[in-house]
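# Residue-level structural notes
Each chain, written out:
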Amino acid sequence: MEKIFRPSPKSFKNTFCVFHEVLPDRIAGMPVQYDSQSGSKYYYTKEGMYRLSNHWGRLANSKWRLEPMEPETESKFKVGFASWNEFYPDNAEEELYYLEANYFKKTVNYQHRNNPNYDSKAILRTSFATAKRIKQIRNLFELTSWAKYFDYDDIDELRKEIIHELIFTNKTLEEIKRQITQ
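First, a word on scope: everything that follows refers to the structure included in this document. (Residues numbered from 1 in each chain as written. Predicted model: local features only at pLDDT ≥ 70, side-chain atom pairs only at ≥ 80, totals over all residues. Heavy atoms only, no water.)

## Some details on the pattern of salt bridges
The line we're drawing: Salt bridge, as used here: a side-chain nitrogen of Lys or Arg that lies within 4 Å of a carboxyl oxygen of Asp or Glu. Numbering of helices and strands starts at the N terminus; helices are DSSP runs of H or I of at least 4 residues and strands are runs of E of at least 2. When accessible area is computed with a 1.4 Å probe and restricted to protein chains, residues below 20% of their type maximum are described as buried, those above 50% as exposed, and intermediate ones as partly exposed.
Under the defined criterion, the tally for this structure stands at 8 salt bridges. Between Lys63 and Asp90 there is a salt bridge; the shortest N-O distance is 2.8 Å. With Lys63 in strand β6 (residues 62-67) and Asp90 in the loop between β8 (88-89) and β9 (97-102), the pair connects residues that are 27 residues apart, well separated along the chain. Exposure class is identical for Lys63 and Asp90. Each is buried. Across the pair Lys105 and Glu70 runs a salt bridge, and its minimum N-O distance is 2.2 Å. Taken as a pair, Lys105 in the loop between β9 and β10 (107-112) and Glu70 in the loop between β6 and β7 (78-83) lie far apart in primary sequence, 35 residues in all. Owing to a relative accessible area of 44%, Lys105 belongs among the partly exposed residues under this scheme. Residue classification places Glu70 among the exposed residues on the basis of a relative accessible area of 62%. Several salt bridges converge on common partners, so that one network encompasses Lys106, Asp156 and Arg159.

If you want it as structure tokens, here you go:
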């Protein structure tokens, strides 16, 4: 009989990870190896971890996000998979995070500097500074009241210009807006 692979629970403390949604049949027949008090179920393999949960984001002392399938599944409970090398260290002091904007979907997300896709162009920030920028960018995507102070032909192009500066510079939102109105 094959021994069940079980990593140390401490290996997940203070980590950042992006799980990718998979269909529930991927865990069919697998034994649940950890059942959390909040209702999440964990399945470990030598390749990585499957997590069945109805909540993602900040989890105790970790930041775990789920990238949904397209088209998105209807179920509230989603199964996500992450390989072991996709768990990165997290702390509040270091500049570990950068931002990525999807202008088509009007979304913004943060990624870890250890992500192999990081090209060193976006500015790295602490968790707190990253959260502040995310809020600003989401407001730019969702609201239009801020645009009344600008002379523009296309609000989406104006958004893109401001958001690009928020991601790739250390300028404040106020500095960026001043620069554009000059």
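## Details of the packing of helix α2 (residues 155-168) against helix α3 (residues 173-181)
Stated precisely, the cut-off is as follows: Axis geometry follows a simple rule: fit a line to the C-alpha atoms, using only the stretch in contact for helices, then measure angles between N-to-C directions, giving values from 0 to 180 degrees. Should an angle fall under 35 degrees it is called roughly parallel, over 145 degrees roughly antiparallel, and 65 to 115 degrees roughly perpendicular, with every other angle called oblique. Handedness of a crossing is defined here by the sense of rotation of the near helix relative to the far one, left-handed for an anticlockwise turn of less than a right angle and right-handed for a clockwise turn. Any two residues whose heavy atoms approach within 4.5 Å are treated as being in contact.
Contact geometry for α2 and α3: axes closest at 10 Å, N-to-C directions at 135°. Judged on the interaxial angle alone, α3 and α2 are oblique. Note on packing geometry: the crossing formed by α2 with α3 is right-handed. For the pair α2 and α3, contact is made by Leu158, Glu161, Ile162, Glu165 and Leu166 and by Leu173, Ile176, Gln179 and Ile180, respectively.

## A short note on α2
The condition is simple: In this scheme, a helix's expected span is set at 1.5 Å multiplied by one less than its residue total. Pairing of N or O atoms within 3.5 Å defines a polar contact, subject to two protein rules: one partner must be a possible hydrogen donor and the other a possible acceptor, and residues neighboring in sequence count only if both atoms are side-chain atoms.
Between its first and last C-alpha atoms α2 spans 20 Å; for 14 residues at 1.5 Å apiece the expected length is 20 Å, and the two agree. Turning to α2, its buried residues are Ile155, Leu158, Arg159, Ile162, Ile163, Glu165, Leu166 and Ile167. Buried residues belonging to α2 abut β9, α1 (127-142) and α3. The opening residue of α2, the one whose side-chain oxygen lies 2.9 Å from the backbone nitrogen of Asp156, is Asp154.

## Here's the deal with the nonpolar core
Applicable threshold: Working definition of a nonpolar core: buried Ala, Val, Leu, Ile, Met, Phe, Trp, Tyr and Cys residues. They are joined through side-chain atoms within 4.5 Å.
The biggest cluster of nonpolar side chains holds 26 residues, and the ones touching the most others in it are Leu99, Ile137, Leu140, Trp146, Ile162 and Leu166. Within the residue set of this core, elements represented by two or more residues are β1 (15-22), β9, β10, α1, α2 and α3. Setting aside chain neighbours within four positions, we find Ile162 in contact with Leu140, Trp146, Phe150, Leu173, Ile176 and Ile180. Residues Phe19, Tyr44, Met49 and Ala82 belong to the second largest nonpolar core, which totals 11 residues.

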